[in-house]
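Inside the fold
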Amino acid sequence: MSRLALKVDVDTLRGYTCGVPRLLDLFAKHRIRASIFFSFGPDNSGKAIRRIFRPGFVSKMLRTKAPSTYGWKTLMYGTLLPAPLIVPSDPSILRRAYDEGHETGVHAWDHVYLQDRLGGVSKEEYLSLYEKARALYAGICGRDPDIVAAPGWQVSRAVLEAEQELGVAWASDVRGFSPFLPRFEGRDYRVPQIPTTLPTMDEIYGLPGINDVTLPKAWLDGMDKEWNVLTLHAEMEGISKLTLLENFLNMARALGVEFHTLGEYAKEAPLPRCAIVAGKLEGRAGRLALQQEIPAEER
Ligand SMILES: [Zn+2]
């Protein structure tokens, strides 16, 4: 019997206001607890258009039908339209996720800013952006957040140091194969990483043979690890692909898959020391943080 934990990234205002409530309805119906990471501040999605100059970005936008997934308005936020604040637009949505028992944490204050400039963001700047999200979260949920997930699977020394300084319980910043304690650029860190193990919908949807009917099976076939984690995007699985997600959940249940949370993994899984390295994944533009095994003699 395999295990699966669902992680949800909320990147945009539309994903937050439209996608999250529908995902919460679906999770309630299926009695699933998920781990949901929110972008709190400005939705600067329009600025992501800068990534058009990166290899792979245009083909991904076309393959995933980005304009209809994200909505044209979203693609203009921060450029032609002012950037709206995400969580302050309706604090009751975050509160509902919290009240319904989901693990909730910080994805970013400004997703586009952090994803595009992470290498240039100092620990102090990261902490000051995090503080804005923390204050909002605390005002809404009545306690501080204690879990984080980096936007775009980007880490840096500054981010890992900040997470350690903040004392977060665990982080989900990378792509990999099982929970671990990270070593990055030769330094060891204490905050466990719970990596995403499965490809995301936007990475594989539209590839040859992968469509609305076949994607659930592709995910099920990919669940060959002991600690499987699937990342969903509120903008996609929460809106236009909600039916596909429900089909997947039904198929998984029928096969006896057990649903867990990333936080449960952090408590139950062994945490060997593994490296985080920069690398590429099929279907995703640019480089991202990948888990890599460390030979026994170097651990
Ligand atoms: Zn994200």
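The structure under discussion appears in the preceding block.
First things first, this report covers the structure right here in the doc. (Residues numbered from 1 in each chain as written. Predicted model: local features only at pLDDT ≥ 70, side-chain atom pairs only at ≥ 80, totals over all residues. Heavy atoms only, no water.)

1. Notes on the overall build of the protein
Selection criterion: Put simply, DSSP H or I for four residues or longer makes a helix, DSSP E for two residues or longer makes a strand, and each gets a number counted from the N terminus. Atoms counted for the radius of gyration: C-alpha only. Globule rule: 2.2 Å times the number of residues to the power 0.38. Here the term buried applies to any residue with accessible area under 20% of the maximum for its type, exposed to any over 50%, and partly exposed to those in between, with areas from a 1.4 Å probe on protein chains only.
Counting its regular elements, the protein contains 12 helices and 11 strands. The C-alpha radius of gyration computed for the protein amounts to 18 Å, which stays within 12% of the reference 19 Å derived for 299 residues, consistent with globular compactness. Its C-alpha atoms put the protein at 50 × 45 × 40 Å along the principal axes. Taking all 299 residues of the protein together, the buried fraction comes to 56%.

2. As for the nonpolar core
Definition in use: Here, nonpolar core refers to any group of buried Ala, Val, Leu, Ile, Met, Phe, Trp, Tyr and Cys residues whose side-chain atoms link them within 4.5 Å. Note on definitions: a residue-residue contact is assigned when non-hydrogen atoms from the two residues lie within 4.5 Å.
Leu 6 and Phe 38 are the most contacted members of the largest nonpolar core, which totals 61 residues. Sequence-distant contacts of Leu 6, that is, excluding residues within four places in its chain, are made with Phe 27, Ile 32, Ala 34, Ser 35, Leu 230, Leu 232, Leu 249, Phe 259, His 260 and Leu 262. Of all hydrophobic cores here, the second largest spans 12 residues; its members include Ala 5, Phe 37, Ile 194 and Leu 262.

3. Focus: helix α9 (residues 215-222)
This is how it is decided: Taken from the helix axis, the directions to the C-beta atoms give the arc we talk about.
Buried within α9 are the following residues: Leu 215, Pro 216, Trp 219 and Leu 220. End-on, the buried residues of α9 take up no more than an arc of 140 degrees, which puts them together on one face. Tucked into the core, α9 has its buried residues touching α8 (201-204), β8 (228-233), α10 (236-240) and α11 (242-254).

4. Focus on the packing of aromatic side chains
What counts here: Only the six-membered ring of Trp is used, alongside the rings of Phe and Tyr, when aromatic pairs are assigned; centres must lie within 6.5 Å, and planes under 30 degrees apart are stacked while those over 60 apart are edge-to-face, with the rest tilted. Whether a charge sits over a ring depends on NZ of Lys or CZ of Arg being within 6 Å of the ring centre and within 35 degrees of the ring normal.
Taken as a whole, this structure holds 8 aromatic pairs when the rule is applied. Where Trp 219 meets Phe 248, the ring centres are 5.1 Å apart and the plane angle is 65 degrees; that geometry is what we call edge-to-face. Of this pair, Trp 219 sits in helix α9 while Phe 248 is found in helix α11, placing the two residues 29 residues apart along the sequence. When sorted by exposure, Trp 219 lands in the same class as Phe 248, which is buried. Among the aromatic residues, those joined into a ring-pair cluster are Tyr 16, Phe 38, Phe 40, Tyr 98 and Tyr 137. Positioned above the aromatic ring of Trp 227, the side-chain terminus of Arg 3 is 3.9 Å from the ring centre. The lysine or arginine in question, Arg 175, covers the ring of Trp 153, its NZ or CZ lying 4.5 Å from the ring centre.

5. Regarding helix α1 (residues 13-30)
Rule in force here: A helix is expected to span 1.5 Å for every residue after the first. Note that bend, as reported per residue, equals the angle between axes fitted to the 7 residues terminating at that residue and the 7 residues originating from it.
Relative to the 26 Å expected for 18 residues at 1.5 Å per residue, α1 spans 25 Å between its end C-alpha atoms, a close match to the ideal helical length. The largest bend in α1 is about 40 degrees, located at Gly 19, with the proline Pro 21 one to four residues further on. Looking only at α1, the buried set comprises Leu 13, Gly 15, Tyr 16, Gly 19, Val 20, Pro 21, Leu 23, Leu 24, Leu 26, Phe 27 and His 30. Here the buried face of α1 lies against β1 (3-10), β2 (35-39), α4 (91-99), β8, α10 and α11. Where α1 terminates, the next one or two residues include Arg 31, which has phi positive at roughly 50 degrees.

6. Considering the pattern of salt bridges
Put simply, the rule reads: Each reported salt bridge corresponds to a side-chain nitrogen of Lys or Arg within 4 Å of a carboxyl oxygen of Asp or Glu.
Evaluated as defined, the whole model comprises 20 salt bridges. Where Arg 183 meets Asp 188, a salt bridge forms, and the shortest distance between an N and an O atom there is 2.6 Å. Judged by relative accessible area, which is 18%, Arg 183 ranks as buried. Accessibility expressed as a relative area gives 35% for Asp 188, which makes it partly exposed. Ionic pairing is found between Arg 273 and Asp 188, a salt bridge with its closest N-O pair at 3.7 Å. With a gap of 85 residues between them, Arg 273 in strand β10 (residues 273-279) and Asp 188 in strand β7 (residues 187-188) connect regions that are remote in the sequence. Beyond isolated ion pairs, a larger network of salt bridges with shared partners links Arg 175, Asp 202, Glu 203 and Arg 284.

7. Structural notes on the packing of α9 against α11
Just so we agree on the cut-off: An axis is simply a line fitted to the C-alpha atoms; with a helix, the fit covers only the stretch in contact. Between two such axes, the angle follows the N-to-C directions and lies from 0 to 180 degrees. When describing relative orientation, an angle under 35 degrees is termed roughly parallel and one over 145 degrees roughly antiparallel, while 65 to 115 degrees is termed roughly perpendicular and anything else oblique. A crossing counts as left-handed when the near helix is turned anticlockwise from the far one by less than a right angle, and as right-handed when that turn is clockwise. All amino acids are sorted into three groups, where Ala, Val, Leu, Ile, Met, Phe, Trp, Tyr, Cys and Pro are nonpolar, Asp, Glu, Lys and Arg are charged, and the leftover types, Gly among them, are polar.
With their axes 9 Å apart at the nearest point, α9 and α11 run at an angle of 45 degrees to one another. When the axis of α9 is compared with that of α11, the two are oblique. Between α9 and α11 the crossing geometry is right-handed. Contacts from Leu 215, Pro 216, Lys 217, Trp 219 and Leu 220 in α9 reach Leu 244, Asn 247, Phe 248, Met 251 and Ala 252 in α11. Residue classes in the contact of α9 with α11 are distributed as 8 nonpolar, 1 polar and 1 charged.

8. As for the side chain of Thr 231
Defined as follows: In protein, a polar contact requires one atom able to donate a hydrogen and another able to accept it; more generally it is a pair of N or O atoms within 3.5 Å, and residues adjacent in sequence count only if both atoms are side-chain atoms.
Along the chain, Thr 231 turns up in strand β8. At a separation of 3.4 Å, a polar atom in the side chain of Thr 231 contacts the side chain of Lys 7. A distance of 2.7 Å separates the side chain of Thr 231 from the side chain of Thr 196, its partner in a polar contact. Discounting residues that sit within four places of it in the chain, Thr 231 has contacts with Lys 7, Asp 9, Trp 153, Thr 196, Thr 200 and Glu 237.

Such coordinate-based values are descriptive only and should not be taken to indicate function.
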